[in-house]
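Here is what each chain is made of, one letter per residue.
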Amino acid sequence: MKKVFLVLSLGLLFMMGIACQPESVDADAQKSERLSANANLTGTWKFKHFGDKAESPYEVTLEFKGQADENGKLMLSGRSSVNHYFAAYQADASKNKLNIADLGSTRMAGSPEAMQFEQRYFELLKNAASYEIKDGGQTLIIMTNGLSSTGLYYERVK
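Residues numbered from 1 in each chain as written. Predicted model: local features only at pLDDT ≥ 70, side-chain atom pairs only at ≥ 80, totals over all residues. Heavy atoms only, no water.

Q: Lay out the pattern of salt bridges with the relevant residues and their values.
A: A full pass over the atoms with the stated rule returns 5 salt bridges. A salt bridge links Asp52 to Arg120, with the shortest nitrogen-to-oxygen separation between them at 3.2 Å. Highlighted residues: Asp52 in the loop between β1 (43–50) and β2 (61–68) and Arg120 in helix α2 (residues 112–126), separated in sequence by 68 residues. (Salt bridge = Lys/Arg side-chain N within 4 Å of Asp/Glu carboxyl O. Helix = DSSP H or I, 4+ residues; strand = E, 2+ residues; numbered from the N terminus.)

Now the structure itself:
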C-alpha cells in the first residue's frame, strides 16, 4: 500500500511539473522577443536638437536599457539640462512605435532658460509616439503625438 501511494504521489508531482513548464517557457520567450525587438534602441544617445533645428546648448543624454528591471519593465534614463530623469518604455520595432510612461526626474533648480528647455524636452519625451533610426544606426528621431510634428533628434554615443 505504501509503495502504491509513493508511486502515485511521485507521478502526480511529475505531472504537475510538466503542466507548469510551458507557461514559464512562453513567458521567457515573450520577454526575450520583446527585448530583442528593442535592441536597435539600446544604448546611449546625445540630444542634438528639436525638430525646429534649434541646437541644444545643453549636454542632454538618453539611454535605453537593454534589459528589463525586476518588474519586467524596460527602462530608460538620462540627463537633461538640469536634472537626471528616468522612465519606463515600450517599443514595437516592427511598427516603429514608442511609448514612454511614468517619466520622473530629480528636482534640482537651474537657470530660467535651462528649466524652460527641460520642461519642453520632458513634455515632448512624454508624448513620444514613434521613432526612426537613420544613418546606419547613428541618428535617432523620436516623433511626438499631438504636439505638431515636433521631433527629438539624437546622435548615438554608444
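Still more ground to cover, so stick around.
Q: Requested: an account of the packing of aromatic side chains, with residues and values cited.
A: Inspection of every chain in the model, using the stated rule, returns 11 aromatic pairs. Here the aromatic rings of Phe47 and Tyr154 are separated by 5.5 Å at their centres, their planes lie at 70°, and the arrangement is edge-to-face. Separated by 107 residues along the polypeptide, Phe47 in strand β1 and Tyr154 in strand β8 (residues 151–156) bring together distant segments of the chain. Pair check on accessibility: Phe47 and Tyr154 agree, each one buried. Aromatic pair Phe117 and Tyr121: ring centres 6.4 Å apart, planes at 5°, arrangement stacked. Separated by 4 residues within a single helix, Phe117 and Tyr121 lie in helix α2, roughly one turn from each other. On the accessibility criterion, Tyr121 (0% relative accessible area) is buried. In textbook terms, an aromatic cluster arises when at least three aromatic residues are bridged by ring pairs, as seen for Phe47, Phe50, Tyr58, Tyr85, Phe117, Tyr121, Phe122 and Tyr154. (Phe/Tyr/Trp six-rings, centres within 6.5 Å; stacked < 30°, edge-to-face > 60°. Buried < 20%, exposed > 50% of the residue type's maximum accessible area, 1.4 Å probe, protein only.)

Q: Break down unusual backbone geometry for me, citing the residues and quoting the values.
A: In the Ramachandran plot, Asp102 falls in the positive-phi region, its phi being about 55° despite a non-glycine side chain. For Asp102, the position within the fold is in strand β5 (residues 97–105). Of note, Asp135 is a non-glycine position whose phi angle comes to about 55°, a positive value. Secondary-structure assignment places Asp135 in the loop between β6 (128–134) and β7 (139–144).

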